[in-house]
Amino acid sequence: MEGVSSLDEPLKKLLGGATAKVMAEHLDLHTVGDLLHHYPRRYEERGKLTALTDLPLDEHVTVVAQVADARILTFNNGRGKRLEVTLTDGSGRLQLVFFGHGVHKPHKELLPGRQAMFAGKVSVFNRKMQLAHPTYQLLDASDADEASEAVDAFAGRLLPIYPACKQLDSWRIAKAVDAVLPSARDAVDPLPASLREGRGFTPLPEALLKVHRPQTRADIEDAKARLKWDEAFVLQVALARRRYADTQLPAAARRRVPDGLLDAFDAKLPFTLTEGQEKVSKEIFDDLATEHPMHRLLQGEVGSGKTMVALRAMLAVVDAGGQAAMLAPTEVLAQQHHRSITEMMGELAEGGMLGGSDRGTKVVLLTGSMGAAARRQALLDLVTGEAGIVIGTHALIEDKVRFHDLGLVVVDEQHRFGVEQRDALRSKGKQPPHLLVMTATPIPRTVAMTVFGDLETSVLDQLPAGRSPIASHVVPAKDKPHFLARAWERVAEEVENGHQAYVVCPRIGDDAEEAEGRGGKKAKAKKAAPEEDGEKRPPLAALEIADQLRGGALSGLSVEVLHGRMHPDEKDDVMRRFAAGDVDVLVATTVIEVGVNVPNATAMVIMDADRFGVSQLHQLRGRVGRGSAPGLCLLVSEAHEASPARARLSAVAATLDGFELSRIDLEQRREGDVLGQAQSGVRSSLRMLTVIDDEEVIAAAREEAVAIVAADPELERLPELRTVLAALLDKEREEYLDKG
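Calculation rules
Residues numbered from 1 in each chain as written. Predicted model: local features only at pLDDT ≥ 70, side-chain atom pairs only at ≥ 80, totals over all residues. Heavy atoms only, no water. Helix = DSSP H or I, 4+ residues; strand = E, 2+ residues; numbered from the N terminus. Buried < 20%, exposed > 50% of the residue type's maximum accessible area, 1.4 Å probe, protein only. Contact = heavy atoms within 4.5 Å. Areas by Shrake-Rupley, 256 points an atom, 1.4 Å probe, with all protein chains shown as cover. Salt bridge = Lys/Arg side-chain N within 4 Å of Asp/Glu carboxyl O. Pairing = 2+ DSSP bridges. Axes fitted to C-alpha atoms, helices over the stretch in contact; angles between N-to-C directions. Parallel < 35°, antiparallel > 145°, perpendicular 65-115°, else oblique. Left-handed = near helix turned anticlockwise from the far one by under 90°. Nonpolar A, V, L, I, M, F, W, Y, C, P; charged D, E, K, R; others polar. Polar contact = N/O pair within 3.5 Å; in protein donor to acceptor, adjacent residues only side chain to side chain. Phe/Tyr/Trp six-rings, centres within 6.5 Å; stacked < 30°, edge-to-face > 60°. Core = buried A, V, L, I, M, F, W, Y, C linked by side-chain atoms within 4.5 Å. pLDDT = per-residue confidence, 0-100.

Draft legend 1. Spotlight on the overall build of the protein. Secondary structure summary: the protein contains 27 helices and 21 strands in total. When burial is assessed residue by residue, the protein has 53% of its 740 residues classed as buried. Residue pairs at least 24 apart in sequence account for 73% of intrachain contacts in the protein once pairs closer than 6 positions are excluded. When the accessible surface of the protein is totalled, it reaches about 32800 Å², and 51% of it is carbon and sulfur.

If you want it as C-alpha cells, here you go:
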C-alpha cells in the first residue's frame, strides 16, 4: 500500500484514548477502517417502538420505548431506595430498576410519556424481564439541551443500533462513527469496475455512508447487498488463489497398481461397496494420479463408511510405493482406527511377519503414551518404509518422526485438528503429500465453500446396508419425572435382550469441575439465584450419575465410567471390556462422540441434552444402531417446553438427516461458533455476510473469483483488489489460509 490511507489511522487519533481503548479491548476495533466496517446490527424507526416481547435473556440489548410509569420504592425500613420504571411499546412491557444514589437523575428525567433509548443486560427477577441500571438517552425534544442534542445526533428517522458492549453503548458508538464517516471517501474499492457495473452495485464509499446513516430502508438494502458481496468475493478470491497455488505445487502421482494390496483387500471384503463409496473412491483415485497434491474434504454421516474409503486410498498409495499416515484427534480414536484397520486387513497388515501375506505391509500405531521400545520400533518401521500405513495422534508430527516416502495424509475429524498440525505433517514428505480430510459433521454447502474453500468436497450420503434406524425421543424430566423412570426401564430391557447402552453426561464430576466440552472451557458450578428457578444448576456429572444408577435404577447391571481425564490405559481397558460385552452400561462424557464403534450398543440416554449443540447430539446418537438391532436415543432435559433449548432437541428427535440438522444448528448459533476459533481469519472478516442465508451470494462470488484468478493469478491488472486482499490477509489470516 502506498502511503497510509486514512482508513489505517489508529482510532485513538480521532476519538481520544479512553474510547479507543474500550473499542480495541472489547470490540476488536483498532483503525478507522475497522470502525467503518462495524455495521449496525439493526435499525429502529424513531416513531416505531421495538417489540419488548422477545428480548434475549442475558444479552446486552438496546431498546427504544416509552415510559409508562415510574415510582420510587423504599426498603430496609426506609434506608434503601429503588426506582422502578415501566416501559411499554404496545407489544409488551419491560421493567427498569435503579438503586441507591443512582435514582435521582432518572427519576427527574424518565417521566411518563417520555421516549428514550435504553441499553443494558436483560435479566429476570420475580419472573419478570428487567434491565438493572441501564444507560439511556432521551429521544423526544424537551427543554433539556441533552435531548435536543440526542435528536440532532440521530437526525433521520432510522436509528442505527450497533453491536455494543457493557462499556460502550450503541449511541456512543454511533457518535464515534460520525467522527470517522468522512474517511469513507478514501475506501479502496476491491471490485473490478466491469463486475461492479455489470451487477449494478453501489460504489463502496456510498455503501458505507448508506449502511451507517440511511435515509430510507432502500438505502440499507443497497448498502447491504454491496457489502455482503465484497466480503464473499474477497474471501473467495483469496481461496481461489490458494487453490491455484496448490495446483502449481509438485506431488508424486500415486497411480493405482493392479494385483497389489488394494485388489487383494477388495477380494476379501465380505460385502460390496455402496454406490457412493465407489463414486467417492474414484474421485480420490483420480486426484491421487495427478502430479499436484490432492486436497479433498470427505464428508459422510456417522457410519457411512468413510474409514473404508480412506483405507482403500491408503492401500492404493502403498501399492504405488508410498506411505500413508492417518491422524486422529485422540489416543482412544487412534487406537480404535488401528484396531479396526488391522482387523479389516487381516494377514495383509502383517507384511514381513510369519503368517503375513507377501503382498502385505506393516500397519503401525504411534501415540504419545506408548512405551519407549514400541515407539522406537514404530519410528524405525516408518523411516525404513517397512510400515506402509501409520495411524497416530499428533505425536506423528513431532520432529523425531521421519518417513521413508510419505504419499498421503488422512486427517480424521478436521474440526478437532489445528491447521498448524496439518501443515507440519505435510512438510514431512519429500514433496507435499496428498491430503484427505474426513469429517462426520455434515457441513452445509455454503460453509464448506467458505471455511474449507481450498478443499474439493466429496459427500457420502448413503448408509451401508445393514445399518438400523434410530428412534429418538425427548424425555422431559422436570414436567414428567415418570418419563425418566421409564427411560431407565428401557435401558434395562435392552440389556435383558443381550444389548448394551451408553449414558452421556456433560461433565466428569471430580474435583477439577471441568466440562470436557469442545472448547474445554471450565463449567463453573454457579449457585442458582432463587428467582432463576433452578435454571443454572451445574450440569449433571458422569461419576455421580454412575453412582446413582448402580445404587438405583440399574442396580445389578455392570455400570462403568469413561471420561477424558482417565489414564489412556484405563480408558482403553474400559472400552475394550465394553466392546467385548462385559460391561452393560457405559456412563461417559463426550469422549465417545467420535469413532467409538460397538455394534451391540443399541440404547443411548443423553442427560442434560440441552447443554449439547445440535451437531454434537447428532454425533453422539450415531454411536447406537450400528448393528442389526434398531437403536434408541433418549434426550433427557429439564428445559421448559416453550424454550429454544427444547425446540432444538425436538428438531434432533425429528430427523436423522445430518445436513438438515447442521442447517438448524447454523440458524441457531452465531456465525462465529460455526466458523470456529481455528478459522478466525474467516470469522473476523465476515461482518455482513451470514453463511447460512447468503448461499447465492457466496456461490456467485466463488464463480467470479475463480474466473478472475484463472485469467490473472497475480491480480496484476487489479491493484485495488490486491490492496484489499493484503489488508484482509494480515499475518494471522494469511497463515490460516496457508495452512487451511
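Moving on from the model shown.
Draft legend 2. How the structure looks around the pattern of salt bridges. Counted under the stated rule, the structure contains 37 salt bridges. Here glutamate 84 ties to arginine 71 by a salt bridge, and the two come within 3.6 Å at their closest N and O atoms. Linking glutamate 84 in strand β3 (residues 80–88) with arginine 71 in strand β2 (residues 60–75), this pair joins segments that are 13 residues apart in sequence. You can call glutamate 84 buried: its relative accessible area is 13%. Look at arginine 71 and you get partly exposed, because its relative accessible area is 37%. The salt bridge involving aspartate 266 is made with arginine 312; its shortest N-O contact spans 2.8 Å. Of this pair, aspartate 266 sits in helix α10 (residues 261–268) while arginine 312 is found in helix α12 (residues 306–319), placing the two residues 46 residues apart along the sequence. Accessibility expressed as a relative area gives 4% for arginine 312, which makes it buried. Salt bridges here are not isolated pairs; linked through shared partners, they connect Arg486, Glu489, Arg490, Glu493 and Glu494.

Draft legend 3. The pairing of strand β18 (residues 559–562), seen in detail. With four bridges joining them, β18 and strand β19 (residues 585–588) adopt parallel strand pairing. Counted as the bridge partner of glutamate 560 is leucine 586 from β19.

Draft legend 4. Representation of the sheet that holds strand β9 (residues 295–300) in the model. Pairing is parallel across the open sheet formed by seven strands, whose spatial order is β11-β12-β10-β13-β14-β9-β15. Unpaired on one side and paired on the other, β11 (362–366) and β15 (456–460) mark the two borders of the sheet. With strand direction ignored, the average angle separating the axes of adjacent strands in the sheet is 20 degrees. Relative to strand β12 (residues 387–392), strand β10 (residues 323–327) runs parallel, the two being bridged by four bridges. Bridge assignment links methionine 326 to a residue of β12, and that residue is isoleucine 391. Sheet strands in contact with helix α11 (residues 275–288) are β9, β13 (406–412), β14 (434–439) and β15, and its direction is about 155 degrees off that of β15. Packing against the sheet, helix α14 (residues 372–384) makes contact with β10, β11 and β12, and its axis sits at approximately 130 degrees to β11.

Draft legend 5. Representation of the packing of helix α8 (residues 204–212) against helix α9 (residues 217–248). As a packed pair, α8 and α9 sit with axes 8 Å apart at the nearest point and diverge in direction by 125 degrees. With respect to their mutual orientation, α8 and α9 come out oblique. In the packing of α8 onto α9, the handedness of the crossing is left-handed. Across from Leu204, Ala207, Leu208, Lys210 and Val211 in α8, the residues of α9 making contact are Asp219, Asp222, Ala223, Arg226, Leu227 and Asp230. Residues that form the contact of α8 with α9 fall into these classes: six nonpolar, no polar and five charged.

Draft legend 6. Fine view of the side chain of arginine 296. Relative to the assigned elements, arginine 296 resides in strand β9. According to the relative accessible area criterion, arginine 296 is buried, its value standing at 9%. Of the polar contacts made by the side chain of arginine 296, one reaches the side chain of aspartate 287; its length is 2.8 Å. Residue contacts for arginine 296: discarding those within four places in its chain leaves Glu283, Ile284, Asp287, Leu435, Leu436, Val437, Leu455, Glu456, Thr457 and Ser458.

Draft legend 7. Local environment of the packing of aromatic side chains. This model, assessed by the stated rule, comprises five aromatic pairs. Seen from their ring centres, phenylalanine 118 and tyrosine 136 are 6.1 Å apart, and the 40 degrees between their planes marks the pair as tilted. Of this pair, phenylalanine 118 sits in strand β5 (residues 115–125) while tyrosine 136 sits in strand β7 (residues 135–138), and the two are 18 residues apart along the sequence. Comparing phenylalanine 118 with tyrosine 136, the two get one shared label, buried. Centre to centre, the rings of tryptophan 229 and phenylalanine 233 are 6.4 Å apart; their planes meet at 15 degrees, and the pair counts as stacked. Residue tryptophan 229 and its partner phenylalanine 233 are both found in helix α9; the two are separated by four residues, about one turn of the helix. Among the residues examined, phenylalanine 233 registers a relative accessible area of 0% and is labelled buried. Among the aromatic residues, those joined into a cluster by ring pairs are Phe98, Phe118 and Tyr136.

Draft legend 8. Looking closely at the nonpolar core. Ranked by internal contacts, the top residues of the largest apolar core, which has 40 residues, are Met314, Met345, Ile389 and Leu408. The residues touching leucine 408, leaving out its near neighbours within four places in the chain, are Leu288, Met294, Ala313, Met314, Val317, Gln323, Ala324, Ala325, Pro433, His434, Leu435 and Leu436. In this structure, Tyr162, Ala174, Ala176 and Val180 belong to the second largest nonpolar core, which totals 33 residues.

Draft legend 9. Looking closely at the environment of aspartate 28. Mapped onto the elements, aspartate 28 comes out in the loop between α2 (17–27) and α3 (32–36). Here the alpha-carbon distance between aspartate 28 and histidine 38, two residues 10 residues apart in the chain, equals 9.9 Å. With residues up to four places along the chain from it excluded, the contact list for aspartate 28 reads Met23 and Asp34. A distance of 2.9 Å separates a polar atom in the side chain of aspartate 28 from a polar atom in the side chain of histidine 30.

Draft legend 10. View of the environment of arginine 339. On the secondary structure map, arginine 339 appears in helix α13 (residues 331–345). Expressed as a C-alpha distance, the spacing of arginine 339 and isoleucine 391, which sit 52 residues apart in the sequence, is 10.0 Å. Beyond its immediate chain neighbours, meaning those up to four positions away, arginine 339 contacts Asp572 and Arg576.

Draft legend 11. Quick look at the environment of aspartate 219. Position of aspartate 219 relative to the elements: it lies in helix α9. Overall, the relative accessible area of 14% leaves aspartate 219 in the buried class. Taking the C-alpha atoms as reference points, aspartate 219 and leucine 209, separated by 10 residues in sequence, lie 9.3 Å from one another. Not counting residues up to four positions away in its chain, the partners in contact with aspartate 219 are Lys210 and Pro214.

Draft legend 12. Here's a closer look at unusual backbone geometry. Even without being glycine, asparagine 76 reaches a positive phi, approximately 55 degrees. When you line up the elements, asparagine 76 lands in the loop between β2 and β3. Positioned with a positive phi, histidine 133 is a non-glycine residue whose angle comes to about 50 degrees. By secondary structure assignment, the location of histidine 133 is in the loop between β6 (128–132) and β7. Owing to a relative accessible area of 40%, histidine 133 belongs among the partly exposed residues under this scheme.

Draft legend 13. Representation of the confidence of the model for the protein in the model. When pLDDT is averaged across the protein, the result is 81; 84% of the residues are at 70 or more. Within the model, pLDDT remains below 50 along residues 734–740, and this stretch shows 22 contacts once partners closer than five positions in the same chain are excluded.

Draft legend 14. Structural context of the side chain of threonine 602. Turning to its location among the elements, threonine 602 is positioned in strand β20 (residues 601–606). On the accessibility criterion, threonine 602 (1% relative accessible area) is buried.

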